[in-house]
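Summary of structural features
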Amino acid sequence: RPRPANDRLAMAPPRSGARRGRPSDAVIHYTKRLNRECAERGDVAGARALLDAMEGEGLAPTLVTLNTLLKCYRNARRPDAAEATLDREFRRWGLEPDGCSFCTLIDAYGLSGDLAAAWRILHRAEAAGAADARVYSAIMRFLAPAEVPPLIEHMLLRGLSLSVTVCNAALNAFANAGGPGG
């Protein structure tokens, strides 16, 4: 794995198990702490301190660890920082964002009221080949009922099938608007 140029970010190589197969128990422990102690509350400073401690022990974050960090930024209502984290940290650790990563960003922008940015992230997920049911379901939460069927059609044209997740998101969009007619 290439080392970052910034000395603050340079560290010992990750312990075995951190990159392939099951992560080490220590990485799992830090990821659970990150979720329990920081992500639910949107405590970005606490999350960063835990990641620094993890790295100080020579441990590399996993995709789940970084997705949990994105959740922290989402709950802190800091979507721009979440996106910057996706761009910087995922590349730094050689990880590819997945549907969960993009879903969390879509949700972060939607919760902040920036639906244009949420759509941009959906298109970015499509371009990356990571747009799955979670990604489309995430944006449905913020759509008017009339916008849901074209999105489902678009999703189907992209080769995805309807899933329980997508159907529930569509039904919720209708229910939250008072029914199919709005």
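This text follows the structure it describes.
The sections below set out a description of the structure shown in this document. Numbering of residues begins from 1 in every chain and follows the order in which that chain's sequence is written. Only residues with pLDDT of at least 70 are given local features in this predicted model, and only at 80 or more are side-chain atom pairs given and counted; all residues enter the totals for whole chains, interfaces and linings. Each side-chain value is derived from all of the structure's non-hydrogen atoms; neither hydrogens nor water enter the calculation.

**With respect to the packing of helix α3 (residues 63–75) against helix α5 (residues 99–112)**
The interhelical angle for the contact between α3 and α5, taken along N-to-C directions, is 5 degrees, at an axis separation of 9 Å. One finds that α3 runs roughly parallel with respect to α5. Across from L63, N67, L70, K71 and R74 in α3, the residues of α5 making contact are C100, S101, T104, D107, A108 and L111. Under the scheme applied here, ten amino acids are nonpolar (Ala, Val, Leu, Ile, Met, Phe, Trp, Tyr, Cys and Pro), four are charged (Asp, Glu, Lys and Arg), and all others, including Gly, are polar. Residues belonging to the contact of α3 with α5 are distributed by class as follows: five nonpolar, three polar and three charged. Only the stretch in contact is used when a helix axis is fitted, and all axes are lines through C-alpha atoms; the angle between N-to-C directions ranges over 0 to 180 degrees. To qualify as a helix, a DSSP run of H or I must reach at least 4 residues; to qualify as a strand, a run of E must reach at least 2; elements of each kind are numbered from the N terminus. Small angles under 35 degrees read as roughly parallel and large ones over 145 as roughly antiparallel, with 65 to 115 read as roughly perpendicular and the rest as oblique. When checking whether two residues touch, look at their non-hydrogen atoms; a contact exists if any pair is within 4.5 Å.

**Here's the deal with the nonpolar core**
Among buried residues, those of type Ala, Val, Leu, Ile, Met, Phe, Trp, Tyr and Cys that are joined through side-chain atoms within 4.5 Å constitute a nonpolar core. Relative accessibility under 20% of the residue-type maximum defines a buried residue, over 50% an exposed one, and the middle range a partly exposed one, all with a 1.4 Å probe and only protein chains included. Formed by 49 residues in total, the largest nonpolar core has its most connected members in L69, I106, V135, I139, M140 and V148. Residues in contact with I106, not counting those within four places in the same chain, are A118, I121, L122, V135, A138, I139 and F142.

**Concerning helix α9 (residues 164–176)**
Helix length check: α9, at 13 residues, gives a terminal C-alpha distance of 18 Å against a target of 18 Å (1.5 Å per residue), a fit within 8%. Here α9 has its buried residues at V166, A169, A170, A173 and F174. Each buried residue of α9 lies within a common arc of 135 degrees when the element is viewed along its axis, so the set occupies one face. Relative to its buried face, α9 has exposed residues pointing more than 90 degrees away, namely V164, L171, A175 and N176. Looking at the buried residues of α9, the elements they touch are α7 (133–140) and α8 (148–157). For a helix, the expected span equals 1.5 Å multiplied by the residue count minus one. This arc describes the spread of directions from the helix axis toward the C-beta atoms.

**A word on the environment of F174**
Of note, F174 is situated in helix α9. Its relative accessible area of 19% is what places F174 among the buried residues.

**Observations regarding the environment of R158**
Locating R158 in the fold gives a position in the loop between α8 and α9. Distance in space between the C-alpha atoms of R158 and E126 is 9.0 Å, their sequence separation being 32 residues. Think of a polar contact as two N or O atoms within 3.5 Å of one another; within protein, one of them needs to be a possible hydrogen donor and the other a possible acceptor, and neighboring residues in sequence only count if both atoms come from side chains. Within the structure, the side chain of R158 is placed 3.4 Å from the backbone oxygen of E126, a separation counted as a polar contact.

**Some words on the pattern of salt bridges**
Put simply, a salt bridge is a Lys or Arg side-chain nitrogen that is within 4 Å of an Asp or Glu carboxyl oxygen. By the definition in use, this model includes 16 salt bridges. Of the charged contacts in the structure, one is a salt bridge between E37 and R36, with a shortest N-O distance of 3.7 Å. Accessibility expressed as a relative area gives 52% for R36, which makes it exposed. Two residues, R124 and E83, come together in a salt bridge whose shortest N-O distance is 3.1 Å. Taken together, the residues R124 in helix α6 (residues 115–128) and E83 in helix α4 (residues 79–92) connect sequence positions 41 residues apart. R124 sits in the partly exposed class, given a relative accessible area of 27%.

**Considering unusual backbone geometry**
Positive phi values are uncommon outside glycine, yet R77 reaches one of about 60 degrees. Tracing the chain through its elements places R77 in the loop between α3 and α4. Given the relative accessible area of 45%, R77 is considered partly exposed.

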